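# Examining the three-dimensional arrangement
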Amino acid sequence: MLQQVPTTAATTPEHSPGPTRELAAFLAGLVPEAVPVAAIDAAKVMVLDLLGCMLGAMRTPEVAMAAGVMEALGGTPDCTAIGFRFRTSCQNAAYLNGVSSHVIELDDTHRDSITHVGSPVIPAALAMAERGGASGLDFLMSVVVGYEACLRVANAVQPSHWRRGFLSMGTCGTFGAAAATAHLLGLDADRLADALGLAGIQAGGLNSSIYGEGDMGKRLCPGHAAGTGIVSALLAERGFTGSRNIFEQRKGFCESFADEYDISRVTADLGKVWEVARTSLKPYSCCRYNHAAIDGLLDIMQAESVVAGDIAGITVRTYDIAVTNRPHRVQPHTLFDAKMSIPFSLAVAARKGALAEHDFTEDLLADTSLQAFAGQVRIEADAVMSAAFPREWPAEVQVALRDGRDFSRLVPYPKGEPEAPMTQAEVETKFRDLAHVAITPEAANQVIALVNGLDRATDVAPLMAAITQGLRN
């Protein structure tokens, strides 16, 4: 049941195992034997996918500027700045790699919690694993732990959290990064609860960029979460205390960040449901809200031999958040702006027959024919689909042709969801397509092999070396 008033400190005394402590105890006691192979395999997929997202962003101005700042800041050279030849502190590396992972809008998404989870969790886990010489399996375990912490809290506060204007990859991602770091540090339940408390008091991330002029601010959210999570766990390791009731206490995270929430979801089915295995991948380089409509349009065009010039108009029916929570500009100001727009994304997909990162280029923004096509797209909120969100992210696409024919497709789960998964071959192809921006084909193949074998690796050093030594320049 959703609630507006949290359990207070008076009814949940310090010694009582509330949701924060219960989650901390579970995560602190987690061993590989207790985690199903499917969850470890899913963690490998998420790691490979996110590395591709980082490498694919290497030519973007956002990454260039962020790297310049981090290189200038310096720091103990413990960790790799992925895609670059300099090394920096674990916090700075996690921050930079977190920013890089989200720039091109291809990082993973968790449907129920409306969260880009890999971009804050994996950079933190990777930096700390490299710093501490952790085994590949321990690194993968930290990813599983981080996904559990981030997504269970996000499950509890969504979708109210989103409606309030927060980005859960920034807010809840801080918990995930802290938990992943805590696992690699070997923190016990009390210290892990402290790390969560410290993460919560620093959590932040606004969704304002989507409603502005296409600014770069949104890209900072996972970087901030990754770096802050690391610092929170390192402080907890030294005895710096945090609220061990941070989720449920008065003025705690849930009460402060959501009008409605279900605190029971933090601990529901612990050890039975593994959130990393319920996380989806993105085949298209744009907002996940656009994907079901893109799937429907591309299926119609392929099945019915339709080309863009045949189309007179498109109607998309989907859930209300996808319709009302962004401007959907037909004349976008920036590539980010274009990727947030269902009409413009459909226009690019119709022309190119796909929507990979290389299909979105700056020259398209001023293309009048694309703008005209986007202007023919109508978006409507559907009450049934809105009620199903976020359990489902569906869309129905109706395409009217100039010759009078019309076709429709209902897509309940876009490609990349657990119900419509990408194959391993598709995941590896996506990685190669993105990685070629920064590393050689030989290095890309080596990275794939190393990630697939992480559960047997002594440490992550060979993986990091393969990326750095494989850089094109």
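Just above sits the structure.
Quick summary incoming for the structure in this document. (Residues numbered from 1 in each chain as written. Predicted model: local features only at pLDDT ≥ 70, side-chain atom pairs only at ≥ 80, totals over all residues. Heavy atoms only, no water.)

## Overview of the overall build of the protein chain
The cut-off we apply is this: Helix numbering and strand numbering both begin at the N terminus, where a helix is a DSSP run of H or I of at least 4 residues and a strand a DSSP run of E of at least 2. To get the radius of gyration, use the C-alpha atoms; to get the globule rule, take the number of residues to the power 0.38 and multiply by 2.2 Å. Partly exposed residues are those whose accessible area sits between 20% and 50% of the maximum for their type, while under 20% is buried and over 50% is exposed, using a 1.4 Å probe and protein chains only. In what follows, a contact means two residues having at least one pair of non-hydrogen atoms within 4.5 Å. Where accessible areas are quoted, they stem from the Shrake-Rupley method and a 1.4 Å probe; at the residue level, only the protein chains shown are allowed to cover. Neither His nor the chain ends contribute to the count of charged residues, in which Lys and Arg are positive and Asp and Glu negative. Positions of charges follow a simple convention, taking NZ of Lys, CZ of Arg, CG of Asp or CD of Glu.
Counting its regular elements, the protein chain contains 20 helices and eight strands. Taken over the C-alpha trace, the protein chain has a radius of gyration of 22 Å; the compact-globule value for 473 residues is 23 Å, and the two agree within 12%. Along the longest, intermediate and shortest principal axes, the C-alpha atoms of the protein chain span 70 × 55 × 40 Å. Residues classed as buried in the protein chain amount to 60% of the 473 residues present. Sequence-distant contacts in the protein chain: of pairs separated by 6 or more residues, those separated by 24 or more amount to 78%. Total accessible area on the protein chain stands at roughly 17100 Å², and carbon and sulfur atoms take up 53% of it. Taking the 38 positively charged and 53 negatively charged side chains of the protein chain as two groups, their mean positions are separated by 1 Å.

## Some words on the sheet that holds strand β8 (residues 406–411)
Hydrogen bonding along the main chain pairs the strands of a sheet, whether they run parallel or antiparallel. Here is the rule we go by: Pairing between strands is defined by DSSP: at least two bridges between them are needed. Axis definition: a line fitted to C-alpha atoms, over the contacting stretch in the case of helices. Angles run 0 to 180 degrees between N-to-C directions.
Reading across from one edge, β6-β5-β7-β8 is the order of the four strands in this open sheet, with mixed pairing throughout. Bordering the open sheet on either side are β6 (377–381) and β8, each of which pairs with just one other strand. Going across the sheet, the axis of each strand differs from the next one's by a mean of 15°, ignoring polarity. Inspection of the sheet shows strand β5 (residues 311–318) paired to strand β7 (residues 395–401) by seven bridges, in the antiparallel sense. Paired with arginine 317 across the bridge in β7 is glutamate 396. Strands in contact with helix α12 (residues 291–303) are β5, β7 and β8; relative to β8, the strand with the most contacts, it is inclined by about 135°.

## Regarding unusual backbone geometry
Glycine aside, residues mostly have negative phi angles, and peptide bonds mostly take the trans form. Of note, the amide linkage connecting glutamine 158 to proline 159 takes the cis form, showing an omega dihedral of 0°. Phi is positive for lysine 251, close to 60°, though the residue is something other than glycine. For lysine 251, the location among the structural elements is in the loop between α10 (220–237) and α11 (253–257). A positive phi angle, close to 55°, is found at serine 305, a residue other than glycine. Among the secondary structure elements, serine 305 is positioned in the loop between α12 and β5.

## Focus on the packing of aromatic side chains
Operational definition: Any pair of Phe, Tyr and Trp rings, taking the six-membered ring for Trp, is counted once the centres come within 6.5 Å. Such a pair is stacked with planes under 30 degrees apart, edge-to-face with planes over 60 apart, and tilted for the rest.
Applying the stated criterion to the full structure yields 13 aromatic pairs. Geometrically, the ring pair formed by phenylalanine 175 and phenylalanine 247 is edge-to-face, given 5.1 Å between the ring centres and 80° between the ring planes. One end of the pair, phenylalanine 175, is in helix α8 (residues 168–185); the other, phenylalanine 247, is in the loop between α10 and α11, and 72 residues separate them in sequence. A relative accessible area of 0% means that phenylalanine 247 is categorised as buried. Between tyrosine 319 and tryptophan 393, the ring centres sit 6.2 Å apart and the planes meet at 55°, which makes this aromatic pair tilted. One end of the pair, tyrosine 319, is in the loop between β5 and α13 (320–324); the other, tryptophan 393, is in the loop between α17 (383–388) and β7, with 74 residues separating them in the sequence. Among the aromatic residues, ring-to-ring pairing joins Trp162, Tyr289, Tyr319, Phe389 and Trp393 into one connected group.

## Digging into the environment of serine 256
The condition is simple: Under this definition, polar contacts are N or O atom pairs within 3.5 Å; protein pairs additionally need one hydrogen-donor-capable and one acceptor-capable atom, and for neighbouring residues in sequence, both atoms have to be side-chain atoms.
Structurally, the position occupied by serine 256 is in helix α11. With 46 residues separating them in the primary sequence, serine 256 and glutamine 302 have C-alpha atoms 48 Å apart. The residues contacting serine 256, other than those within four sequence positions of it, are Arg164 and Lys251. A distance of 3.3 Å separates a polar atom in the side chain of serine 256 from the backbone oxygen of lysine 251.

## Some points on the packing of helix α3 (residues 61–73) against helix α4 (residues 90–102)
The packing of two helices is summarised by the inter-axis angle and the distance between the axes. Cut-off, in case you're wondering: Every angle not falling under 35 degrees, over 145, or within 65 to 115 is termed oblique; those three ranges are roughly parallel, roughly antiparallel and roughly perpendicular.
Running from N to C, α3 and α4 point in directions that differ by 175°, and their axes come no closer than 10 Å. Taken together, α3 and α4 sit at an angle that is classed as roughly antiparallel. On α4, the residues that touch Val63, Ala66, Ala67, Met70 and Leu73 of α3 are Asn92, Tyr95, Leu96, Val99 and Ser100.

## Quick look at the side chain of arginine 326
How we decide: Any Lys or Arg side-chain nitrogen located within 4 Å of an Asp or Glu carboxyl oxygen qualifies as a salt bridge.
With respect to the helices and strands, arginine 326 occurs in the loop between α13 and α14 (335–339). Buried charge without a salt bridge: arginine 326, with glutamate 105 as the nearest opposite-charge side chain at an N-O distance of 7.4 Å. With near-sequence residues (within four places) excluded, arginine 326 lies in contact with Trp162, Ile210, Tyr211, Cys287, Tyr289 and Met340.

## A closer look at α10
Applied cut-off: Expected span of a helix: the number of residues minus one, times 1.5 Å.
Counted at 1.5 Å a residue, the expected span for α10 with its 18 residues is 26 Å, and the 26 Å between its end C-alpha atoms agrees. With 13 of its 18 residues buried, α10 lies for the most part within the structure. Remark: glycine 239 follows α10 within two positions and exhibits a positive phi of approximately 105°.

## A closer look at the pairing of β8
For a regular strand, side-chain orientation follows a simple rule: the groups alternate between the two sheet faces. The pairing of β7 with β8 spans six bridges and is antiparallel. The residue bridging valine 397 from the neighbouring strand is arginine 409, located in β8. Turn length for the β7-β8 hairpin, with the two strands adjacent in sequence and antiparallel, is four residues, and the turn residue glycine 404 shows positive phi of about 100°.

## Quick word on the pattern of salt bridges
Under the counting rule described, the total for this entry stands at 32 salt bridges. The shortest N-O distance in the salt bridge between aspartate 190 and arginine 244 comes to 3.7 Å. With aspartate 190 in helix α9 (residues 189–202) and arginine 244 in the loop between α10 and α11, this residue pair connects regions lying 54 residues apart in the sequence. The salt bridge involving arginine 191 is made with aspartate 194; its shortest N-O contact spans 3.0 Å. With arginine 191 and aspartate 194 both in helix α9 and three residues apart, this pair spans about one turn of that helix. One network of salt bridges, with partners in common, ties together Glu62, Glu105, Lys218, Arg219 and Lys282.

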